[in-house]
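Results of the structural survey
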Amino acid sequence: MDIAVNLSRIRTEIAAACARCGRDPAGVRLVAVSKTHPAEAVMAAHAAGQELFGESYVQEFLVKSDEVAAPVQWHFIGHLQSNKARLLPGKVALIHSVDRLSLAEEISRQWQKHGLTADVLIEVNLGGEASKSGVDAAELETLLRQMAALPSLAVRGLMTLPPYLADPEEVRPYFCRLRELAREVDALALPGVAMRELSMGMSHDFAVAIEEGATLVRIGTAIFGERGGR
Ligand SMILES: *Cc1c(COP(=O)(O)O)cnc(C)c1O
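Everything numeric in this text was worked out from a predicted model, so none of it was measured.

Per the secondary structure count, the protein includes 8 helices and 9 strands. Principal-axis analysis of the C-alpha atoms places the extent of the protein at approximately 45 × 40 × 30 Å. For the protein, the share of sequence-separated contacts (at least 6 apart) that also reach a separation of at least 24 residues comes to 60%. A total of about 10300 Å² of accessible surface is found on the protein, and carbon and sulfur atoms cover 50% of it. Both charge centroids of the protein, one from 24 positive and one from 29 negative side chains, sit 4 Å from each other.

So, on to the site of the ligand. Around the ligand, the neighbouring residues are Val33, Lys35, Ser56, Ile77, Leu161, Met202, Ser203, Arg218, Ile219, Gly220, Thr221 and Arg227. The contact in question runs from an oxygen atom of the ligand to an N or O atom on the side chain of Thr221, over 2.5 Å. According to the grid-proximity analysis, the pocket containing the ligand is the largest pocket. Residues of the shell around the ligand, tallied by class, amount to 5 nonpolar, 4 polar and 3 charged.

Strand E7 (residues 153-160) sits mainly inside the fold: 7 of its 8 residues count as buried. In terms of strand pairing, strand E5 (residues 118-125) meets E7 through 7 bridges, oriented parallel. Residue Val120 lies in a different strand from E7, and its bridge partner there is Val155. Summarising the sheet, E7 and strand E8 (residues 193-199) pair through 4 bridges and their orientation is parallel.

This next bit is on helix H1 (residues 3-20). Taking 1.5 Å of rise per residue, the 18 residues of H1 would be expected to cover 26 Å, and the 26 Å separating its terminal C-alpha atoms lies within 8% of that figure. Looking only at H1, the buried set comprises Ile3, Asn6, Leu7, Ile10, Ile14, Ala17 and Cys18. When H1 is viewed along its axis, its buried side chains cluster within an angular range of 110 degrees and face the same direction. Facing away from the buried side of H1, by more than 90 degrees, are the exposed residues Thr12, Ala19 and Arg20. Residues of H1 that are buried sit in contact with strand E1 (29-33), helix H2 (39-47), helix H7 (206-211), strand E9 (216-219) and helix H8 (221-224). Its side-chain oxygen at 3.1 Å from the backbone nitrogen of Ala4, Asp2 defines the N-terminal cap of H1. Following H1 by one or two positions, Gly22 adopts a phi angle in the positive range, close to 70 degrees.

Criteria and cut-off values
Residues numbered from 1 in each chain as written. Predicted model: local features only at pLDDT ≥ 70, side-chain atom pairs only at ≥ 80, totals over all residues. Heavy atoms only, no water. Helix = DSSP H or I, 4+ residues; strand = E, 2+ residues; numbered from the N terminus. Contact = heavy atoms within 4.5 Å. Areas by Shrake-Rupley, 256 points an atom, 1.4 Å probe, with all protein chains shown as cover. Lys, Arg positive; Asp, Glu negative; His and termini not counted. Charge placed at Lys NZ, Arg CZ, Asp CG, Glu CD. Near = heavy atom within 4 Å. Polar contact = N/O pair within 3.5 Å; in protein donor to acceptor, adjacent residues only side chain to side chain. 1 Å grid on protein atoms, 1.4 Å probe; cavity = no way out; pocket = protein on both sides within 12 Å on 5 of 7 lines; lining within 4 Å. Sits in = over half its atoms within 2 Å of the grid points. Nonpolar A, V, L, I, M, F, W, Y, C, P; charged D, E, K, R; others polar. Buried < 20%, exposed > 50% of the residue type's maximum accessible area, 1.4 Å probe, protein only. Pairing = 2+ DSSP bridges. Expected span 1.5 Å × (residues − 1). Arc of directions from axis to C-beta.

Take it as geometry only, folks, not as evidence of what the structure does.
What follows is the structure, encoded as structure tokens:
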């Protein structure tokens, strides 16, 4: 597994996807998803120019971020239990996966204690799969109106984890829907809510996500290889 080679191939594919739809590649950030992979893998990616990493499990992240000596930036992308939010202020630049008011309240409370404002995305469940986290699209506006009142939290956009479909073209409608939702939310002009980021697209479908407007693509396997069990 040559992480540098993989990263360079992905950067080329990101640039190609941007060229196809007339987007500036500077508007698409690559989040290298390093969950289950060791600190050495993060260091190797950093040596190849990668500075932004995504993690999904709080304990694993805390150990790993201590081990990584390089000045990298971390995003939290996994399901977050409210009682673990207190472990993250000052350590993650963006949380992609806020999907309920109780979690948003706890994040705001914990970041406020540190005199910080938490940048978050709202995870939307577009597939209607009961097993997945994410707020239903129908509940999104209500949640955002409640979150807009929280003092130490800023909503920067939306994230989705669509159902796994082998053909990326079949995932396109989900990406398209997330972009439309973001436009509808922006029209509400809620305080503390600005739809700047669309976090969508993973190893097998990021090119399509970019064509539909992704500003953050979360890529793990295509950079670091298959994940072992956890
Ligand atoms: C693991 C994970 C990814 C990366 O998926 P790959 O298919 O390995 O690229 C992206 N987003 C989330 C939320 C994840 O949990």
